[in-house]
Amino acid sequence: MTVQGSDGESRSTTRTIQIDALARVEGEGAVTIELKGGRVEDVRLRIFEAPRLFEAFLRGRGMAEAPDITARICGICPVAYQMSACHAIEAALGVEPGDRIRALRRLLYCGEWIESHALHVVFLHAPDFFGCESALAMAALRPEFAQRIRDSLALKKAGNALVRLLGGREIHPINVRLGGFHRVPRPVELAPLAEELKAARDLARDLVKWVGGLDFPDFEQDYDFVALRHPSDYPMNEGRLISTGGLDIAMDEFLDHFEERQVPYSNALQCRKRAGGGAYFVGPLARMNLNFDRLSSEPRQAALETGIAWPCSNPFMGIVARAVEILYAIDEALRLIGAYEPPEEPAVSCEPRASAGSWITEAPRGILFHRYEIDPGGLITRANLIPPTSQNQRQIEEDLIRFAPSVLDLEPDAAAWRCEQVVRNYDPCISCATHFVRFKVVS
Amino acid sequence: MIQPLPIIAEPSKPRKPRPRLGVFKFASCDGCQLSLLDCEDQLLDVAEKVEIAFFREATRRPLEGTFDVALVEGSISNSEQEAAIRDVRARSRFLVCLGACASHGGIQALRNQSKSEELIRIVYADPSTIELLDQSHPASAYVPVDLELPGCPINKDQLIEVLAWTLAGARPMIHRHALCLECKRRGLVCVLVARGEPCLGPATSTGCGAICMSYDRPCFGCYGPAEKPNASALAARLAELGAAPDAIRRLFQTFYATAPDFQKASRIHDGTRV
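Residues numbered from 1 in each chain as written. Chains lettered and ligands numbered in written order. Predicted model: local features only at pLDDT ≥ 70, side-chain atom pairs only at ≥ 80, totals over all residues. Heavy atoms only, no water.

1. Concerning the interface of chain A and chain B
Part 1 of the reasoning: In this complex, chain A contributes 84 residues to the contact, which on the side of chain B involves 70 residues.
Part 2 of the reasoning: Buried surface at the junction of chain A and chain B, summed over both partners, amounts to about 6,700 Å²; 62% is from carbon and sulfur atoms.
Part 3 of the reasoning: Linking chain A to chain B there are eight salt bridges.
Part 4 of the reasoning: For A:Glu170, the salt bridge goes to B:Lys156, with nearest N and O atoms at 3.1 Å.
Part 5 of the reasoning: In this structure, the connection of chain A to chain B is made through 24 residue pairs in polar contact (both at pLDDT 80 or more).
Part 6 of the reasoning: Taken together, the elements giving at least two residues each to the side of chain A that touches chain B come down to helix H1 (54-57), helix H2 (66-71), helix H4 (99-129), helix H5 (135-141), helix H6 (143-167) and helix H13 (412-424) of chain A.
Part 7 of the reasoning: Counting residues per element, the side of chain A that touches chain B draws most heavily on H6(A), which supplies nine residues. (Contact = heavy atoms within 4.5 Å. Buried area = accessible area lost by both parts, 1.4 Å probe. Salt bridge = Lys/Arg side-chain N within 4 Å of Asp/Glu carboxyl O. Polar contact = N/O pair within 3.5 Å; in protein donor to acceptor, adjacent residues only side chain to side chain. Helix = DSSP H or I, 4+ residues; strand = E, 2+ residues; numbered from the N terminus.)

2. Topic: helix H12 (residues 388-403) of chain A
Residue and element names in this part refer to chain A.
Part 1 of the reasoning: Under the 1.5 Å per step criterion, the end-to-end length of H12 is 22 Å for 16 residues, consistent within 8% with the ideal 22 Å.
Part 2 of the reasoning: At arginine 394, H12 shows its largest kink, close to 30°.
Part 3 of the reasoning: Extensive coverage of H12 is indicated by the burial of 14 of its 16 residues. (Expected span 1.5 Å × (residues − 1). Bend = angle between axes of the 7 residues up to and from the residue. Buried < 20%, exposed > 50% of the residue type's maximum accessible area, 1.4 Å probe, protein only.)

3. Some points on the pairing of strand E14 (residues 380-386) of chain A
Side-chain direction in a regular strand flips from residue to residue, so the side chains alternate between the two faces of the sheet.
All names here are of chain A.
Part 1 of the reasoning: Note: strand E13 (residues 366-374) against E14, six bridges, orientation antiparallel. Residue pairing for E14: isoleucine 374 is matched across the bridge by isoleucine 380.
Part 2 of the reasoning: Adjacent in sequence and paired antiparallel, E13 and E14 are bridged by five residues, among which glycine 378 carries a positive phi angle near 90°. (Pairing = 2+ DSSP bridges.)

4. Overview of the sheet that holds strand E5 (residues 147-149) of chain B
Residues and elements named next belong to chain B.
Part 1 of the reasoning: Taken in spatial order, the five strands make up an open sheet running E2-E1-E3-E4-E5, and their pairing is parallel. The open sheet has two edge strands with one neighbour each: strand E2 (51-55) and E5. When strand polarity is set aside, the average angle formed by the axes of neighbouring strands in this sheet is 20°.
Part 2 of the reasoning: Its contacts with the sheet place helix H3 (residues 79-91) against strand E1 (20-25), strand E3 (67-73) and strand E4 (92-98), and it is angled at close to 130° to E4.
Part 3 of the reasoning: Most of the contacts of helix H6 (residues 156-167) go to E5, to which it runs at about 155°, and overall it touches E1, E3, E4 and E5. (Axes fitted to C-alpha atoms, helices over the stretch in contact; angles between N-to-C directions.)

5. Remarks on the packing of aromatic side chains
Between two aromatic rings, the relevant description is the distance of the centres plus the angle of the planes.
Part 1 of the reasoning: Across all of its chains, the model carries 22 aromatic pairs over all chains by this definition.
Part 2 of the reasoning: Note on A:Tyr109 and A:Trp113: the rings are 6.4 Å apart at their centroids and 70° apart in plane angle, and the pair reads as edge-to-face. With A:Tyr109 and A:Trp113 both in helix H4, this residue pair falls four residues apart, about one helical turn. Each member of the pair, A:Tyr109 as well as A:Trp113, carries the same accessibility label: buried.
Part 3 of the reasoning: Ring geometry for A:Phe281 and A:Tyr426: centres 4.7 Å apart, planes at 40°, overall tilted. Placement of the pair is A:Phe281 in the loop between strand E11 (269-273) and helix H9 (284-291) and A:Tyr426 in the loop between H13 and strand E15 (438-439), with a sequence separation of 145 residues.
Part 4 of the reasoning: Look at A:Phe281 and you get buried, because its relative accessible area is 4%.
Part 5 of the reasoning: Residue classification places A:Tyr426 among the buried positions, given a relative accessible area of 4%.
Part 6 of the reasoning: Grouped by ring-pair contacts, the aromatic residues A:Tyr109, A:Trp113, A:Tyr234 and A:Tyr328 constitute a single cluster.
Part 7 of the reasoning: Directly above the aromatic system of A:Trp113 lies the positively charged group of A:Arg287, at a separation of 4.2 Å from the ring centroid.
Part 8 of the reasoning: Above the plane of the ring of B:Phe220 lies B:Arg217, whose end atom (NZ or CZ) is 3.8 Å from the centre. (Phe/Tyr/Trp six-rings, centres within 6.5 Å; stacked < 30°, edge-to-face > 60°. Lys NZ or Arg CZ within 6 Å of the ring centre and 35° of its normal.)

6. A look at the domain arrangement of chain A
Residue and element names in this part refer to chain A.
Part 1 of the reasoning: Split by domain assignment, chain A resolves into domain 1 (2-50 + 394-439) and domain 2 (54-392).
Part 2 of the reasoning: Contact with domain 1, which involves 28 residues of that partner, is made by 44 residues of domain 2.
Part 3 of the reasoning: For the pair domain 1 and domain 2, the summed buried area comes to about 3,300 Å², and 54% of that belongs to carbon and sulfur atoms.
Part 4 of the reasoning: Taken together, domain 1 and domain 2 are joined by three salt bridges.
Part 5 of the reasoning: Across the pair arginine 322 and aspartate 427 runs a salt bridge whose closest N-O atoms are separated by 3.8 Å.
Part 6 of the reasoning: Taken together, domain 1 and domain 2 are joined by 11 residue pairs in polar contact (both at pLDDT 80 or more).
Part 7 of the reasoning: It is H12 that provides the largest number of residues to the side of domain 1 that touches domain 2, a total of eight residues.
Part 8 of the reasoning: Of the residues belonging to the side of domain 1 that touches domain 2, the class tally is 12 nonpolar, five polar and 11 charged. (Domains from an automatic or database assignment. Nonpolar A, V, L, I, M, F, W, Y, C, P; charged D, E, K, R; others polar.)

See below:
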């Protein structure tokens, strides 16, 4: 990364902060920020991840294949894709799998939240707070860091153990199908997991405390947070879509209120609000801000004990929201295991008919929208997938516009690193959002 | 005013040089490289034994120098990646392809059957700025490859095994016999024979551990063709069991769509039966 400066009075000084390749994110992206006289002239979040065209080759595939195919969009959050795909197609067919299947899906999702968040908190995000290039470099630095890394690996492992039991394997699980599962676990299979999760709960409690004590830059912004809200539970697979700005809609109204736009000077599809065209913020911080009262008592207490005022509008504190959600997901998984009753059938039947359906679930990084059109024989005729990172992308760029002027006095590398941290606040998954990219601010 | 990040001094303890490992990503889902981070019990040991010299998902370290082992994930999909895979090869002694994307173009090779321009138009309103090769290619289309690990995703135990063998100076060996054998060894009931379900186990490579059958699900081929798979005979049998021609085509055309054996099997109902 480089910062180039030109001579002259500070008013007219032009600098470019360039991050050639974003590290510790999933996928390939770059950032260019051009500043003139302390004002941001141009921010480009260029994603050089090659498009893979899933929405195109899903056409003509069987509806039952959608969970397996869309899982391959992201190796970090395949369960999210499987959940949104199953729900959207079941909605199209008018199928409702029932409470016991719901509980198992929620348990599977808990596993993915735990492993994905544990990866981001300690491996991708935390090193920034200590000026380390990686978690392994952190581990080499201080014994307490090494222990922290080991603990977070144990957390990640507990999450993965859940995904492995319910899904068959950690990455691209094989056990999810339309209507439910291929095979559901016997209660005796879940018992050892409960033991592992109880040990993990201690680690998660400690993790919340640790990240709550990190040194955060002052960067409160006025955000429109968007997340699902469920009548009784912290949101995962169901609910209405609500926002800080007062939105309250059914999930199949999503496209009436949000749109993917192609910006004329770039190849990006960006999500904006239809009304006003503004950015919005999805993910753990949005979920927590909008659903604090839906957290179980322990994670809620742990969140309050960090001293952070919730709702929180400092994106750097997203790391705390992730840690709190790890604790919640462990708590919730233990509750679900304790109350587990196997469904009578592993899956309800899904008979094809000409139909269309859409659904939203809460992926680790925020709301994931799927919409499918299906022909009478059960083949997909159209698919539309909108991952959380596409939705946060505009917000990331707006954060960079506001943040970059404050790092002007730093050394080039330090300035670039700080801007990278702004991007990593969102845990962007570029593999998911290959329609991500470039936009220009004219001052 | 925002402060610079605290830079903590590097550890003073000098280390003797270790083999350098690089992890490289092309068009993919990140899942295969994540397998390395998913080795929760071995990751810190691996990091002791090798120097993780380049791994963008895990570290800010810039790309420099050469590599004893390069792990390559993803398919080659645009001209930038074409240049990058040649560069990785030039820097690396032993190049391992991780998974279906790097070895066969991956699931995104499903686009190879259509004009990419038409497909781009489905996703992007204005396709003029999207630069994409006509097809999704394996690394081996551009450079010599030393080893290909099968799977979508790979099996992390196989990955650790490959690293261990390579570090010991031995050439790793990957079994490519049919998954059927694995399934029989595990004593699982055959879903094809007992239930007449369309299972690709007889023609698919071992490596996954026969997960699907242990979850009452027939194999759907995510480890690609076994050695000498006779996949066309399996396709014919699936047709006898009542599977529709288009369903058979799709079954063989998902994760390893470019594998010649699977291509042939997928076409048995085109009148080109072999």
